[in-house]
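Structural description and commentary
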Amino acid sequence: ALNDLPTLAFADPNITVQAVSWHPTSQTYFAIGYLNAGTNRIRLYQFNKTAGTMTEILSTPVVENNNVTCMHWHPSGNFLAVGIDNGVNSRVDAYYFNSTALTLTKVQSIASPAAITTIAWSPNGSYLAWGDSANNVRIYGIDMTSLLFDNCTIVLNSPTLITGKIFLNNRCSI
């Protein structure tokens, strides 16, 4: 049976919701991508079934005049893959979600030769697949195990060679 739950209605009639994705490890968070006269954003909301409310908890801009076409959370809930298109160039952006600070930080971008129409992580999170407007399905092995530091100080007591990607999020210092 379907229960009629609250509706999130935007006051601005020019907003078009392009994508919605529930966070995989939380019953309360969901992300939306929307277009509003060239101002494109990814927003994260918290749903409270008891109170019947949906509260915006963060808003991250996407490059001007780019549409969010689709999105899907990584099974861990730590990353959000987003299909982006501006009519000429398309790409997938991967964002790191810091559930403590409630921030999204772009950590990876992959170009696509055609507009992305759907996107999904594999159940174990090792692969990212997307479909595009040229009738292709592309599958990428994604290494989301790169070093990610969040609100920290890194002290190197000797010469150190880092050969992989590292991401410094929020207030980090080396």
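Residues numbered from 1 in each chain as written. Predicted model: local features only at pLDDT ≥ 70, side-chain atom pairs only at ≥ 80, totals over all residues. Heavy atoms only, no water.

Turning to the nonpolar core, a few remarks are in order. Formed by 16 residues in total, the largest nonpolar core has its most connected members in Ile42, Val68, Met71, Leu80 and Val82. Taken together, the elements giving at least two residues each to this core come down to β2 (29-36), β3 (39-48), β5 (67-73), β6 (79-85) and β7 (90-98). When residues no more than four places from it in sequence are discounted, the contact partners of Val82 are Ile42, Val68, Cys70, Met71, Arg91, Val92, Asp93, Tyr95 and Ile119. Listed in part, the 14 residues of the second largest apolar core include Ala81, Ala94, Tyr96 and Trp130. (Core = buried A, V, L, I, M, F, W, Y, C linked by side-chain atoms within 4.5 Å. Buried < 20%, exposed > 50% of the residue type's maximum accessible area, 1.4 Å probe, protein only. Helix = DSSP H or I, 4+ residues; strand = E, 2+ residues; numbered from the N terminus. Contact = heavy atoms within 4.5 Å.)

Counted residue by residue, β6 has seven buried out of seven residues, so it is predominantly covered. Residues Phe79, Ala81, Gly83 and Asp85 point to one face of β6 and Leu80, Val82 and Ile84 to the other, with burial holding for every one of them. Sheet topology places β5 next to β6; six bridges connect them, and they run antiparallel. Counted as the bridge partner of Trp73 is Leu80 from β6. (Pairing = 2+ DSSP bridges.)

Moving on: the confidence of the model for the protein. The predicted model of the protein averages 80 in pLDDT, with 73% of residues at 70 or higher. Mean pLDDT in the protein bottoms out at strand β12 (residues 147-150), which sits at 59, and peaks at strand β9 (residues 116-121), which reaches 93. (pLDDT = per-residue confidence, 0-100.)

Time to look at the pattern of salt bridges. This model, assessed by the stated rule, comprises four salt bridges. With a closest N to O distance of 3.0 Å, Arg138 and Asp132 form a salt bridge. By relative accessible area, which is 21% here, Arg138 ends up partly exposed. The buried category is assigned to Asp132, whose relative accessible area is 5%. (Salt bridge = Lys/Arg side-chain N within 4 Å of Asp/Glu carboxyl O.)

We now examine unusual backbone geometry. The residue Leu102 is not glycine, and still its phi comes out positive at about 55°. Looking at where Leu102 falls in the secondary structure, it is placed in the loop between β7 and β8 (103-112). Not every positive phi belongs to a glycine, and Asn135 is a case in point at roughly 65°. Along the polypeptide, Asn135 turns up in the loop between β10 (127-132) and β11 (137-141).

With that settled, consider the packing of aromatic side chains. The relation between two aromatic rings is expressed through the spacing of the ring centres and the mutual angle of the planes. Scanning all chains against the criterion turns up seven aromatic pairs. Here Trp22 and Phe30 contribute two aromatic rings whose centre-to-centre distance is 5.2 Å and whose plane-to-plane angle is 55°, an arrangement assigned as tilted. Residue class for Phe30 comes out buried when judged on its relative accessible area of 7%. Taken together, a centroid distance of 5.4 Å and an interplanar angle of 70° make the contact between Trp73 and Phe97 edge-to-face. Here Trp73 is found in strand β5, whereas its partner Phe97 is found in strand β7, with 24 residues between them in sequence. Given the relative accessible area of 3%, Trp73 is considered buried. The exposure class assigned to Phe97 is buried, which follows from its relative accessible area of 2%. Counting every residue linked through ring pairs, the aromatic cluster contains Trp22, Phe30, Tyr45 and Phe47. (Phe/Tyr/Trp six-rings, centres within 6.5 Å; stacked < 30°, edge-to-face > 60°.)

Quick look at the side chain of Ser112 now. Tracing the sequence through the fold places Ser112 in strand β8. Only 3.0 Å separates the side chain of Ser112 from the backbone oxygen of Ala114, close enough to count as a polar contact. What Ser112 contacts, discounting residues up to four positions off in sequence, is Ser90, Arg91, Trp130, Asp132 and Arg138. (Polar contact = N/O pair within 3.5 Å; in protein donor to acceptor, adjacent residues only side chain to side chain.)

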